[in-house]
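Spelled out from the first residue to the last, the chains are:
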Amino acid sequence: MKISRRDFIRYGMTGLVVAAGTTALGRMITPRRNGNGTAIVVRLAITEAMVEMVDHTFIYHWTFEDLGNPAHLPQLPGPLIQAIEGDPIELSITNRLPDVHGFRIPGVPGETGTGILVEPGQTKTIGFLAPEGGTYMYLDHLNEPVNRVLGLHGPMVVLPRTGNTPYSRPTPNVQKLFDDLGTAPHFPGEPWKAERTRIWVFHSKDPRFNAMAERGEKINAAVFREEFLPRYFTINGESGAYASHNHHTTPEGRIGQPHLIRIMDTGMNADSPHIHGNHVYLLARRDTTGDLNIPRNVLLVDTFTDEVAQCMDWLLPFIRPPDIPGDETIPLRKLVKDELALTLGGVGQSPIMFPMHGHNEQSQSAAGGNYPQGMVTGWIITGDLDGVDFPPSSPEEKGGPPMPHDQD
Amino acid sequence: MTLPRIPLRSISRDELPVFNKHVCPPTFGGGPIDPLTPTRRIARNLLVNLDVELQDGTKVPVWILEDPDDPVGGRVFPSKTIRTVEGDIVHARVGVKTNTHTIHWHGIEPTPMNDGVGKHSFEISGNFVYQFATNQAGTFLYHCHKNTALHFELGLYGAFIVDPKKPDAPEARGVPDPPYPDGGPGFVRAFNPPDHVMKYDVESLWVPDDFDTRWHELGHDAFMQKCDPANPTAAENFTQDGILHDFRPDIFILSGEAKRKDDTTPFEKAAIRCKVGQTVLLRFIDATYTITEIRLGLPAQIIAEDGYPFGVPPRGQYSFPIDLPAGQPMRMTAAMRGDAFIRPTTPGRFPCTVDFFHWISGKKLYTATTFIDVE
Ligand SMILES: [Cu+2]
Ligand SMILES: [Cu+2]
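Note that the structure is a prediction, hence the values are computed from the model and not measured.

(A) View of the pattern of salt bridges. Residue and element names in this part refer to chain B. Using the criterion set out here, one finds 48 salt bridges over all chains in the structure. For Lys 80, the salt bridge goes to Asp 70, with nearest N and O atoms at 2.9 Å. Note that Lys 80 is positioned in strand E5 (residues 79–85) and Asp 70 in the loop between strand E4 (59–66) and E5, a separation of 10 residues in sequence. Of the residues examined, Lys 80 reaches a relative accessible area of 24% and is grouped as partly exposed.

Set out below in structure tokens:
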């Protein structure tokens, strides 16, 4: 398979720019060429913004802004940088804040990987070739973890130039897994396609430290590590119902349309992300030094330990949920038609939606409660293997009234 | 200077129901939907109040799921283990005694209405019969999925083990038919061809857990958002003074035995008792809100994670068993499971530890010690 730029991916839309009317501009950086037409040009500013939480509290953050986007608005997490391995990238960072800031992409060779400093008011430009295929986190590495956690982080995705996996040097078992998708009897359907990718940037925040940054106070990294108590948990900048019902975050497809999920933890807490409906294959993990570990042993799990400041890729196989009882040759739209026809609480059971959530369940809270308004999203099965979508549910409500919550 | 704002996206009228259902699922009962003839029936009621007693006699209140069909052993902490057989079609009758709850069969993958997550289906008021197959033999768990931060911590969980069928082999003589007895002997799905089942003599279940006793004073709906179908995202619906983000464990538990953080005496109840030459199957279920590291006093072989065996085709063929040398840590977090073989070759008492680390600072909070006792 030859990778092309048509394979580029969607990404969460929080903080998106809503123009007059309904047009929404996405958050990704559209690859642009420089004057000679030879390099992808990325121009980022380091700036500040007030970011709205799920309970409508506004919290001060340091943020990136895509200067190539005419709307000139800060974004959290930072805009997605995408490239194909070997693409020349020309990246400039403008520091609009009053203190020195850093920029680093662990895993990229040279100064980009070790980090550069940008003085207040200055612009620095670095050039590099898009490194090997994989998921990368860019961040301000100064005063680690403070500057990263206060908002200066974002994703970079590099696709390999050739091959049918997300990696330039897949191990034999990773290669076999991707070769089998859509060809082996246990993976009926289609092979993985690069556009069937989602990025999940996990983040957590303790507003007390954001308030210190807003007041211009210095934050001691040791104190920050010691006292950090996350009050909000986000995926791609959103929490709870917002993150669960955003088509740019939730993988969607019919049975047999496998998706890659590129996860990075930009916050302060380890979590235990758990997915319902399918187990996932654990692919490459990138540690904080930038080293990429592509596993020889590809485990199939429903829960994994997500470590701070690391990246992890999942392959969600989109198989028919294996514990639905009944004849496997009968499409689900017939086998479970009564369920698909139901509408409960104003929401149809068609299409099928499963959650993904942190199982360190503290991460499911917002402002100390309000379950499940934390680090949660989901995925959607829209139809059967034979290409037929599930019929819509009957509009007739079948659920009973919800129990009102007793307030403590 | 006013700073630029990054607002939440605005919600259309059409999206109001899903935003409302996210925090205030409807109730439902009866079932099963799309019924098939079951090969196994199980039942659980929730919730039942129980006390976990510490060594000094202090009682910590917990919530459990009871097996109403077992008047003798049906009320225990952790909740009584469920065992089914690979290939079963299960009807699980769930009775809800107070308010609303669900049961999620963690790692088992049926349709959403049988998956027990309210926001993608409903919460049970009264009774409901969940229907699912158990097509993969391995170690799973079941737990309530309402206000889960609180309900899982308060004890609404138990082990769910799916046993493979007994092979037609000489070594199967003397082993009862599945579901196998808790503690062994039995068979487990594992890597060896051609049948991919392996025998164990002794089975042990280690379930690390931790309590923040402040949480054990809270009510069922503690710190939940108010329901407002017309305006589900309104700021005034949110509580601001909860503590469900602030987990400070002061009691540590291994398989139901609970100790204060300053009590370093060993956990004798979890100790594995076996003989030289036997095969021990140790199943771990992490029920903590911390990070745990398990160190065994004897070498082990990890054969499965999250209910799925390594090296078993077709979907497990990209993996293989992992050797775990004695004393080397296996790191786990909430709701992960692991299955390990231990094959003792010499008699003795071999200490094992479970370290608990804080989920944010990574600081070590407690070390639980237990043993493998080999005769
Ligand atoms: Cu419950
Ligand atoms: Cu669970």
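This is not the end of the story, as more comes after the structure.
(B) Structural context of the pairing of strand E14 (residues 208–211) of chain B. Residue and element names in this part refer to chain B. A two-sided burial pattern is seen for E14, the buried positions comprising Pro 208 and Asp 210 on one face and Asp 209 and Phe 211 on the other. The pairing of E14 with strand E15 (residues 251–254) spans 4 bridges and is classified as antiparallel. By the bridge assignment, Phe 211 is partnered in E15 with Ile 251.

(C) Spatial organisation of the sheet that holds E14 of chain B. Residue and element names in this part refer to chain B. Taking strand neighbours across the sheet as the criterion, the 3 strands line up as E14-E15-E16 in an open arrangement whose pairing is antiparallel. Edge positions in the sheet fall to E14 and strand E16 (257–260), since each of these pairs with one other strand and no more. Geometrically, the sheet is characterised by an average inter-axis angle of 25 degrees between neighbouring strands, direction not taken into account. Relative to E16, E15 is paired through 4 bridges, and the arrangement is antiparallel. When the sheet's bridge partners are listed, Leu 254 is paired in E16 with Glu 257.

(D) Quick peek at the nonpolar core. Core analysis: the largest hydrophobic core is formed by 102 residues, its most contacted members being Phe 103 and Trp 314 of chain A together with Trp 206 of chain B. With 5 residues, the single largest contributor to this core is strand E3 (residues 40–52) of chain A. Those residues in contact with Phe 103 of chain A, other than ones at most four positions away along the chain, are Leu 44, Phe 64, Leu 91, Ile 93, Gly 115, Ile 116, Ile 126, Tyr 138, Leu 139 and His 141 of chain A.

(E) Geometry of the packing of aromatic side chains. What the rule picks out here adds up to 38 aromatic pairs over all chains. Cation over ring: Arg 286 of chain A sits above Tyr 136 of chain A, and NZ or CZ is 3.8 Å from the ring centre. Looking at Lys 259 of chain B, its charged tip hangs above the ring of Phe 267 of chain B, at a distance of 4.9 Å from the centre.

(F) Structural detail: the domain arrangement of chain B. Residue and element names in this part refer to chain B. Per the domain assignment, the segments making up chain B are domain 1 (27–163) and domain 2 (208–221 + 251–374). Once you take the C-alpha centre of each, domain 1 and domain 2 turn out to be 22 Å apart. Inspection of the domain 1/domain 2 interface yields 3 salt bridges. Between Asp 163 and Arg 283 there is a salt bridge, and its shortest N-O distance comes to 4.0 Å. Here domain 1 and domain 2 share 19 residue pairs in polar contact (both at pLDDT 80 or more) between them. Elements with a minimum of two residues in the side of domain 1 that touches domain 2: strand E3 (40–53), E4, strand E9 (138–143), helix H2 (148–153) and strand E10 (157–163). Here the side of domain 1 that touches domain 2 gets 6 residues from one element, more than from any other, and that element is H2.

(G) Spatial organisation of the environment of Leu 117 of chain A. All names here are of chain A. Residue position: Leu 117 is located in strand E9 (residues 116–118). C-alpha separation for the pair Leu 117 and Asp 140, spaced 23 residues apart in sequence, amounts to 9.0 Å. Ignoring any residue separated from it by four or fewer positions in sequence, one finds Leu 117 in contact with Val 100, His 101, Gly 102, Lys 124, His 141 and Leu 142.

(H) Representation of the interface of chain B and chain A. The interface is formed by 105 residues belonging to chain B together with 108 residues belonging to chain A. When the two sides are added together, the surface that chain B and chain A hide from each other amounts to roughly 9,300 Å², 58% of it contributed by carbon and sulfur. Taken together, the connections running from chain B to chain A amount to 4 salt bridges. Here Asp 302 of chain A ties to Arg 337 of chain B by a salt bridge, and the two come within 2.7 Å at their closest N and O atoms. Secondary structure elements with two or more residues in the side of chain B that touches chain A: strand E1 (5–6), helix H1 (16–23), strand E2 (27–30), strand E7 (104–106), strand E8 (123–134), H2 and strand E23 (330–333) of chain B. Of the residues assigned to the side of chain B that touches chain A, the class counts are 54 nonpolar, 32 polar and 19 charged. Taken together, the 2 bridges between E3 of chain A and E1 of chain B define a ladder with parallel strand orientation. Its bridge partner lying in E1 of chain B, Met 50 of chain A is registered against Arg 5 of chain B.

(I) View of the coordination of the copper ion (ligand 1). Residue and element names in this part refer to chain B. At the metal site, the copper ion (ligand 1) is ligated by His 101 (ND1), Cys 144 (SG) and His 151 (ND1), and these contacts range over 2.0 to 2.1 Å. Counting the intervening residues between successive donors of the copper ion (ligand 1) yields the motif H-x42-C-x6-H. Pair noted here: His 101 is in the loop between strand E6 (88–96) and E7 and Cys 144 is in the loop between E9 and H2, with a separation of 43 residues, a long-range link. His 101 gets classed as buried once you look at its relative accessible area, which sits at 0%. On the accessibility criterion, Cys 144 (0% relative accessible area) is buried.

(J) Representation of the coordination of the copper ion (ligand 2) in the model. Within the first shell, the copper ion (ligand 2) binds the protein through His 359 of chain A (NE2), His 106 of chain B (ND1) and His 143 of chain B (NE2), at distances of 2.0 to 2.1 Å. Of the two residues, His 359 of chain A sits in the loop between strand E24 (352–358) and strand E25 (376–381) while His 106 of chain B sits in strand E7, which places them in two different chains. Residue His 359 of chain A is classed as buried on the basis of its relative accessible area of 0%. Judged by its relative accessible area of 0%, His 106 of chain B is buried.

(K) Fine view of the side chain of Glu 109 of chain B. Mapped onto the elements, Glu 109 of chain B comes out in the loop between E7 and E8. Of the side chains bearing the opposite charge, Arg 337 of chain B lies closest to the buried Glu 109 of chain B, which forms no salt bridge; the N-O distance is 7.5 Å. Looking at Glu 109 of chain B, its side chain comes within polar contact range of the side chain of Tyr 308 of chain B, at 3.5 Å. Apart from residues lying up to four places away in sequence, Glu 109 of chain B is in contact with Gly 277, Asn 278, His 279, Pro 321, Pro 322, Asp 323 and Ile 324 of chain A together with Tyr 308 of chain B.

(L) Highlighting the state of the cysteines. Residues and elements named next belong to chain B. Taken as a whole and assessed by the stated rule, the structure comprises 1 disulfide over all chains. Paired by a disulfide, Cys 24 and Cys 227 hold their sulfur atoms 2.0 Å apart. Its torsion about the S-S bond being -95 degrees, the disulfide of Cys 24 and Cys 227 is classed as left-handed. Highlighted residues: Cys 24 in the loop between H1 and E2 and Cys 227 in the loop between E14 and E15, separated in sequence by 203 residues. Sulfur of Cys 352: no disulfide; nearest cysteine sulfur belongs to Cys 274 and is 9.9 Å away.

Definitions and limits used
- Residues numbered from 1 in each chain as written.
- Chains lettered and ligands numbered in written order.
- Predicted model: local features only at pLDDT ≥ 70, side-chain atom pairs only at ≥ 80, totals over all residues.
- Heavy atoms only, no water.
- Salt bridge = Lys/Arg side-chain N within 4 Å of Asp/Glu carboxyl O.
- Helix = DSSP H or I, 4+ residues; strand = E, 2+ residues; numbered from the N terminus.
- Buried < 20%, exposed > 50% of the residue type's maximum accessible area, 1.4 Å probe, protein only.
- Pairing = 2+ DSSP bridges.
- Axes fitted to C-alpha atoms, helices over the stretch in contact; angles between N-to-C directions.
- Core = buried A, V, L, I, M, F, W, Y, C linked by side-chain atoms within 4.5 Å.
- Contact = heavy atoms within 4.5 Å.
- Phe/Tyr/Trp six-rings, centres within 6.5 Å; stacked < 30°, edge-to-face > 60°.
- Lys NZ or Arg CZ within 6 Å of the ring centre and 35° of its normal.
- Domains from an automatic or database assignment.
- Polar contact = N/O pair within 3.5 Å; in protein donor to acceptor, adjacent residues only side chain to side chain.
- Buried area = accessible area lost by both parts, 1.4 Å probe.
- Nonpolar A, V, L, I, M, F, W, Y, C, P; charged D, E, K, R; others polar.
- Donors = N, O, S within 2.8 Å, 3.2 Å for Na, K, Ca; no water.
- Lys, Arg positive; Asp, Glu negative; His and termini not counted.
- Disulfide = S-S within 2.5 Å.

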